[in-house]
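For reference, the chains in residue letters:
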Amino acid sequence: MNFGRLFKSKPTPRIASSPSFNYLDLHTKPFYIVASVEVGNTTTKCILTATDMNTGKTYIVNKTVKMTRDVRRPKEGEEIFAHTINATPLTRESIAELVKDTLIESHERARLDIKTDLHFVVRSTGVVAELDSPDQVGAFIQALAKGCLDAGVPPRLMTPAMSIHNILEKFKRYTMIEKVIFMGAVASCFPPQGSTGVEVVANEMEGELATAGIKEGSRWTDVDFRNPCLSMDFGTTLDGRVTSGDLPYAYTIGNLLGLAGAIPDAVVQGTGLVDRMTGATLDIFDSNIKPDYGKEAQQYADQIDEFVVIEKVPASRTKYGLVPVCPQAAAQNNVVLIGCDVGVNGSDLSKLSKIGEDLYKSKNLKILFGTLDIAMARVARRLVQVGVEEGVVTRNTALGVTGRAGISGGKPALILEEIEKLGLYEQVEKNVVFVDDGLARGAAVMARCMNSMGTPKNPLGGLRASRCILKERMNYESSKGAAPVPQQARGDKDTQAYFVGGHKRA
């Protein structure tokens, strides 16, 4: 018997969250301020982030969150453009109003001016359940853009700079736009196809942002979450990416999609504590209640497990877990689609509600919360396991988790225990990171990537345990005829200037 293993202490999860900071610093230090605007199935958020351009670390300035179900009802003559997963109707006009109000409120709380203090806006949506095809996501993003414009956001803050002349004076020493250009790779990873990847799966942009956000958030921990990596974003719906270990840019070799937070939501909707259609776990979550992970919670989690399907998405599906998908496009791009469903497109969610009803009638909130934590930890392990079986996840792959159904309660510790069962890592806690607000942090990264801003001394790109890939990027772009200036324009000594808080220009 291995007594060392028997008495081995449980791994401690690495949970990234930025510390508070002085608001006065926003105006005295080189902070790049980005607004992440997201209309999701459960929540609509505007999260303001500020990135210290000297260190590359991102701070959360303000987080304004509204329940998407509270969006105003469609007015006469408005076309219902989409629905949330819980059937809340949305029109282009109602989306725009919701975005406008959320943006303005967020800036007012942060005491910032949209027109003078904001540097960039990134828009995304998790509302893909009722869309008929992945390409409709673009139209949804346009509706978000209208809300931003109505709030007073200048159009230039939603598109990448075309030259150094479009960069604010105080950030010119931090941009490399004259040396490298944005080629569509956010945090050094190309999307599956074209410029967006939504041809493969409707929520690819969310997966892209979550991956980039986890890369940024990992800087607050000792986990090196660079390529190759797997991101899991447990919002109401599931999104995420698996990246390769290629240089200088990695490729997306896997996408995650389907249901995530909708699983515990369905259980809670059966308890009678929340609305049976639009209720969410967020409505009853209480951090003061300690979950019970005992035998009874394990048994209820077993029941939930029976209805949760996690697999490589079959080629016959056009929707999986209510998310529009194109397996043929994925196959053409060598992308493995890993899906999570409950029945077929949520057909068995009502059975989870029945489990919730039985559980709450005979037990209590401690066992309910314990059950949900255990069930979602198992979902995380099963997703990774499919990645391993399909050959896109190896012991070199870093794992990252974000989203309410993956980082709340006691889930991080339980997920580590579940991942440890796969035997991938010697030290599982050094290879798995949990990040708050992955989408918002990813928006901050995307904004800087689109404007060729980076921190080579603390890089997001490249491989785990490796150095900055700036030189490789320059060589790559030069070979493609895409470099904005000849490679010879910077000698080795000039390159070193990038490693000391930005570079100076003649």
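The preceding data block contains the structure.
Reading guide: rules and limits
Residues numbered from 1 in each chain as written. Predicted model: local features only at pLDDT ≥ 70, side-chain atom pairs only at ≥ 80, totals over all residues. Heavy atoms only, no water. Helix = DSSP H or I, 4+ residues; strand = E, 2+ residues; numbered from the N terminus. Expected span 1.5 Å × (residues − 1). Buried < 20%, exposed > 50% of the residue type's maximum accessible area, 1.4 Å probe, protein only. Core = buried A, V, L, I, M, F, W, Y, C linked by side-chain atoms within 4.5 Å. Contact = heavy atoms within 4.5 Å. Axes fitted to C-alpha atoms, helices over the stretch in contact; angles between N-to-C directions. Parallel < 35°, antiparallel > 145°, perpendicular 65-115°, else oblique. Nonpolar A, V, L, I, M, F, W, Y, C, P; charged D, E, K, R; others polar. Pairing = 2+ DSSP bridges. Lys, Arg positive; Asp, Glu negative; His and termini not counted. Salt bridge = Lys/Arg side-chain N within 4 Å of Asp/Glu carboxyl O. Left-handed = near helix turned anticlockwise from the far one by under 90°.

1. Topic: helix α3 (residues 92–110)
Thinking step 1. Between its terminal C-alpha atoms α3 stretches 27 Å, which fits the 27 Å expected from 19 residues at 1.5 Å a residue.
Thinking step 2. Inspection of α3 places S94, I95, A96, L98, V99, T102, L103, S106, H107 and A110 among the buried residues, and these make up the whole buried set.
Thinking step 3. Once α3 finishes, R111 follows within two positions and takes phi at roughly 60°, a positive value.

2. Let's talk about the nonpolar core
Thinking step 1. If you look at the biggest cluster of nonpolar residues, it comprises 58 residues, and the most contacted ones within it are M232, F234, I263, L352, V379 and L383.
Thinking step 2. Per-element tally for this core: the top contributor is helix α10 (residues 365–389), with 13 residues.
Thinking step 3. If sequence neighbours within four positions are ignored, L352 has contacts with I263, A266, V267, I304, F307 and V342.
Thinking step 4. Membership of the second largest hydrophobic core comes to 48 residues, among which are A35, L98, L144 and V313.

3. Regarding the packing of helix α5 (residues 204–217) against helix α13 (residues 438–450)
Thinking step 1. α13 packs onto α5 with a crossing angle of 90° between their chain directions and a minimal axis gap of 6 Å. Considering their axes alone, α5 and α13 lie roughly perpendicular with respect to each other. Together, M205, E206, E208, L209, A210, A212, G213, E216 and G217 of α5 and G438, L439, R441, G442, A443, V445, M446 and R448 of α13 make up the contact between the two elements.
Thinking step 2. Its residues placed into classes, the contact of α5 with α13 shows eight nonpolar, four polar and five charged.

4. A word on the sheet that holds strand β7 (residues 120–125)
Thinking step 1. If you trace the four strands from one edge of the open sheet to the other, you get β4-β3-β2-β7, paired in mixed fashion. Each edge of the open sheet carries a strand with a single partner, namely β4 (58–67) and β7. Averaged over neighbouring strand pairs, the angle between their axes works out to 15° when direction is ignored.
Thinking step 2. When strand β2 (residues 31–39) meets β7, the two strands line up parallel, connected through six bridges. When the bridges of β7 are listed, S36 appears paired with V122.
Thinking step 3. Together, β2, β3 (43–52) and β4 form the strand contacts of α3, whose direction differs from that of β4 by roughly 135°.

5. Remarks on unusual backbone geometry
Thinking step 1. At the junction of N227 and P228, the peptide bond is cis and its omega measures out at -5° in the coordinates.
Thinking step 2. Among the secondary structure elements, P228 is positioned in the loop between α5 and β9 (229–234).
Thinking step 3. In this structure, the amide linkage connecting L247 to the following residue, P248, adopts the cis form with an omega of 0°.
Thinking step 4. Positive phi, close to 55°, is recorded for S452, a residue that is not glycine.

6. Observations concerning the side chain of D233
Thinking step 1. Counting through the fold element by element, D233 comes out in strand β9.
Thinking step 2. Buried within the structure, D233 lacks any salt-bridge partner; K45 is the closest side chain of opposite charge, at an N-O distance of 7.6 Å.
Thinking step 3. In this structure D233 touches A210, L238, D239, T402, G403 and L439, once residues within four positions along its chain are discounted.

7. Describing the packing of helix α6 (residues 262–269) against helix α9 (residues 349–362)
Thinking step 1. For the pair α6 and α9, the least separation of the axes is 6 Å and the interaxial angle reads 50°. By the angle between their directions, the pair α6 and α9 is classed as oblique. In the packing of α6 onto α9, the handedness of the crossing is right-handed. Of the residues in α9, those touching α6 at A262, I263, A266, V267 and Q269 are L349, L352, S353 and G356.
Thinking step 2. By residue class, the composition of the contact of α6 with α9 is six nonpolar, three polar and no charged.

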